[in-house]
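Chains, contacts and geometry: an overview
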Amino acid sequence: MSKTLFSEAYLDEYLELVIRHGVNIQKGQELLISCPVDCAPIARKAMAVAFKFGAKNVHMRWGDDICGRIRFLEADDSIFDTFPEWDKLMMESLADGGAAFLRIEASDPEAMKGVDPTRLSRFTKASSVAMKPYFEKIITGGVRWSIAAVPSEAWAKKVFPNAASAEDAMKSLWESIFTAVRVNGDGKAVEKWQAHKDALNRRRNLLNEYKFESIQLKNSAGTDLNMKLPKNHVWKGGVDIAKDGIEFLPNLPTEEVFSAPQLDGVDGTVVGTMPNVFRGNLIDGYSITFKDGKVVSFDAKVGKEHLEGMIKDIKNMDMLGEIALVEHDSPISNMNILFYNTLYDENASCHLALGSAYPDCVEGGGTMSEEERVAAGINVCDGHHDFMFGSADMKIVGTTASGEKITVFENGNYVI
Ligand code: ZN
Ligand code: ZN
């Protein structure tokens with residue numbers, strides 16, 4: 001990796017943000033870093049930062065898009081219905097032992113293009129069953145975890161196809177990432193994040209005070225959705241607090257305030273406003289229609305078979321688990337770049353997720369059984385996948401218990 005790609009001061013500031021505020025490593029804690037081999041120099045630095053701030057041990061879980069692709073193309077067909085036991089045991093034993101989990105994300109958005117979609121779908125099913133105990137810890141704050149992105153050549157070239165060279169594309173993607181996470185080498189990223197978290201917290205608290213019975217979402221792209229919210233719903237955003245009472249930031253960057261729809265209370269159509277990457281394949285030009293909370297029809301100009309896989313492969317993925325509000329005027333959105341990466345694109349746009357709701361999106365949800373969560377009105381599912389529908393003319397109106405209508409978003413931004 002050439003030194004001209006970015007200033008080391010920027011990278012140091014970014015990695016400190018990720019280790020201290022993302023996973024918020026504690027003295028004596030273990031950390032697992034998942035990272036593509038292409039980004040090894042970054043992972044090595046992250047490891048050193050984790051030790052500097054008190055990690056007892058740091059484990060590496062290396063990945064590689066190309067090896068993944070070769071396996072999906074060449075391996076014996078029978079392996080796609082199983083998930084490796086050693087992998088499951090590694091993740092569970094680290095989680096049970098109180099480790100934190102950092103994922104360094106740099107995926108090629110089309111790493112799995114041309115792979116038999118049934119293989120991808122069978123493997124998703126197998127892994128969702130095998131990894132359920134770990135996934136449950138992730139969504140209930142049983143572990144502290146964070147996802148942060150760094151460029152890879154394949155990803156950078158997809159985002160900046162007109163760059164003169166791969167190196168130029170990488171440089172542009174680094175700059176965009178630093179802008180999005182409010183890092184500019186002045187050493188003040190932590191202070192800026194505090195102010196940003198305060199702003200998110202204010203909106204979140206206000207939405208919690210309104211206790212809307214339903215919200216209506218509408219824009220000229222064709223979204224027209226009526227969404228009931230569970231009686232005891234909770235809006236979340238900004239910092240998350242794990243079960244051990246310690247703050248963490250699951251996503252860096254994060255611009256969203258989010259909650260969970262009433263699982264049987266969604267009616268109407270949502271139209272996607274950004275291409276979506278699902279299992280290394282692109283879905284674009286798509287719309288999904290709901291009745292009484294369930295998907296009743298869907299269409300896509302690109303990747304309809306992958307959208308179908310997203311909705312049908314896992315039980316209850318045909319219901320929504322998340323509604324997230326993101327201003328059209330945000331640092332990521334203002335760059336006007338399509339990142340082909342959910343971590344970035346979802347923070348540029350209002351989004352929904354099919355699949356599991358975060359249990360804490362209803363009062364007391366973090367300690368409820370799955371049956372109790374369903375009774376409280378939120379979806380329980382072994383998957384969760386975001387898709388973006390925000391736009392510059394998004395209008396969102398909430399209706400309170402007394403029937404009062406409160407405009408929350410006008411022209412894509414908060415008016416509260
Ligand atoms: Zn979200
Ligand atoms: Zn989500």
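Now for a description of the structure that goes with this document. (Residues numbered from 1 in each chain as written. Chains lettered and ligands numbered in written order. Predicted model: local features only at pLDDT ≥ 70, side-chain atom pairs only at ≥ 80, totals over all residues. Heavy atoms only, no water.)

On to the coordination of the zinc ion (ligand 2), then. For the zinc ion (ligand 2), the full set of protein donor atoms is E322 (OE), H384 (NE2), D386 (OD) and D386 (OD), and the range of their distances to it is 2.0 to 2.6 Å. With four donor atoms in place around the zinc ion (ligand 2) and angles of 53 to 142 degrees between them, the coordination shape is irregular. Along the chain, the residues that donate to the zinc ion (ligand 2) are spaced as E-x61-H-x1-D. Distance-wise, the zinc ion (ligand 1) is placed 3.4 Å from the zinc ion (ligand 2), both being coordinated by E322. Of this pair, E322 sits in strand β16 (residues 320–325) while H384 sits in strand β18 (residues 384–388); the two residues are 62 residues apart in sequence, bridging distant segments of the chain. (Donors = N, O, S within 2.8 Å, 3.2 Å for Na, K, Ca; no water. Tetrahedral: all angles 85-135°; square planar, octahedral: opposite > 155°, others 65-115°. Helix = DSSP H or I, 4+ residues; strand = E, 2+ residues; numbered from the N terminus.)

Time to look at the sheet that holds strand β4 (residues 145–149). Ordered by their spatial adjacency, five strands build an open sheet running β2-β1-β3-β4-β10, and the pairing between neighbours is parallel. Looking at the sheet topology across the chains shown, the edges are occupied by β2 (57–63) and β10 (251–252). Judged from the seven bridges that link them, strand β1 (residues 30–36) and β2 form a sheet pairing that is parallel. Across the sheet, the residue bridging to I33 is M60, located in β2. (Pairing = 2+ DSSP bridges.)

All right, on to the coordination of the zinc ion (ligand 1) then. With distances of 1.9 to 2.2 Å, the protein atoms coordinating the zinc ion (ligand 1) are E256 (OE), E322 (OE) and H351 (NE2). Donor residues for the zinc ion (ligand 1), ordered by position in the chain, follow E-x65-E-x28-H. We classify E322 as buried; its relative accessible area is 2%. (Buried < 20%, exposed > 50% of the residue type's maximum accessible area, 1.4 Å probe, protein only.)

This brings us to the pattern of salt bridges. Under the counting rule described, the total for this entry stands at 28 salt bridges. Here E175 ties to K171 by a salt bridge, and the two come within 3.6 Å at their closest N and O atoms. One end of the pair, E175, and the other, K171, are both in helix α8 (residues 166–180), four residues apart, so they sit about a helical turn from each other. Its relative accessible area of 44% is what places E175 among the partly exposed residues. K171 sits in the partly exposed class, given a relative accessible area of 32%. (Salt bridge = Lys/Arg side-chain N within 4 Å of Asp/Glu carboxyl O.)

Let us now look at the environment of D87. Its location among the elements puts D87 in helix α4 (residues 85–96). Put simply, D87 and G28 are 59 residues apart on the chain and 24 Å apart in space, counted from C-alpha to C-alpha.

With antiparallel pairing, five strands are arranged side by side in an open sheet as β7-β11-β16-β17-β18. Every other strand in the sheet has two partners, leaving β7 (236–237) and β18 as the edge strands with one partner each. Bridging between β16 and strand β17 (residues 351–355) involves four bridges; their strand directions are antiparallel. Paired with A324 across the bridge in β17 is H351. Relative to the sheet, helix α9 (residues 189–210) contacts β7, β11 (257–259) and β16, its axis offset from that of β11 by approximately 35 degrees. (Contact = heavy atoms within 4.5 Å. Axes fitted to C-alpha atoms, helices over the stretch in contact; angles between N-to-C directions.)

This part is about the nonpolar core. Counting 72 residues, the largest nonpolar core has Y14, L31, F101, W174 and Y344 as the members making the most contacts within it. The element that contributes the greatest number of residues to this core is α8, accounting for seven residues. Dropping the residues within four chain positions of it, Y14 is found in contact with A148, A149, V150, W174, I177, F178, V181, V183 and Y344. By size, the runner-up hydrophobic cluster in this structure holds 41 residues, among which are L229, F290, A300 and C381. (Core = buried A, V, L, I, M, F, W, Y, C linked by side-chain atoms within 4.5 Å.)

This paragraph deals with the packing of helix α3 (residues 65–74) against helix α5 (residues 117–130). Direction vectors running N to C along α3 and α5 enclose 110 degrees, while the axes themselves pass 10 Å from each other. When the axes of α3 and α5 are compared, the pair comes out roughly perpendicular. Contact with α3, carried on its side by R71, F72, L73 and E74, involves R119, L120 and F123 of α5 and no other residues of that element. Of the residues that constitute the contact of α3 with α5, the class distribution is four nonpolar, no polar and three charged. (Parallel < 35°, antiparallel > 145°, perpendicular 65-115°, else oblique. Nonpolar A, V, L, I, M, F, W, Y, C, P; charged D, E, K, R; others polar.)

Time to look at unusual backbone geometry. A cis amide bond, omega 5 degrees, links L252 with the succeeding residue P253. Note that P253 resides in the loop between β10 and β11. Phi is positive for K211, close to 45 degrees, though the residue is something other than glycine. Within the element layout of this structure, K211 appears in the loop between α9 and β5 (214–218). Despite not being glycine, N336 has its phi angle at roughly 55 degrees, a positive value.

Below, the discussion takes up the packing of α4 against helix α6 (residues 132–139). Taken N-terminus to C-terminus, the directions of α4 and α6 make an angle of 40 degrees; their axes are 9 Å apart at the nearest point. Helix-helix and strand crossings are classified by hand; for α4 and α6 the assignment is left-handed. For the pair α4 and α6, the contacting residues are K88, M91, E92, A95 and D96 in the first and P133, Y134 and K137 in the second. For the contact of α4 with α6, a count of residues per class yields four nonpolar, no polar and four charged. (Left-handed = near helix turned anticlockwise from the far one by under 90°.)

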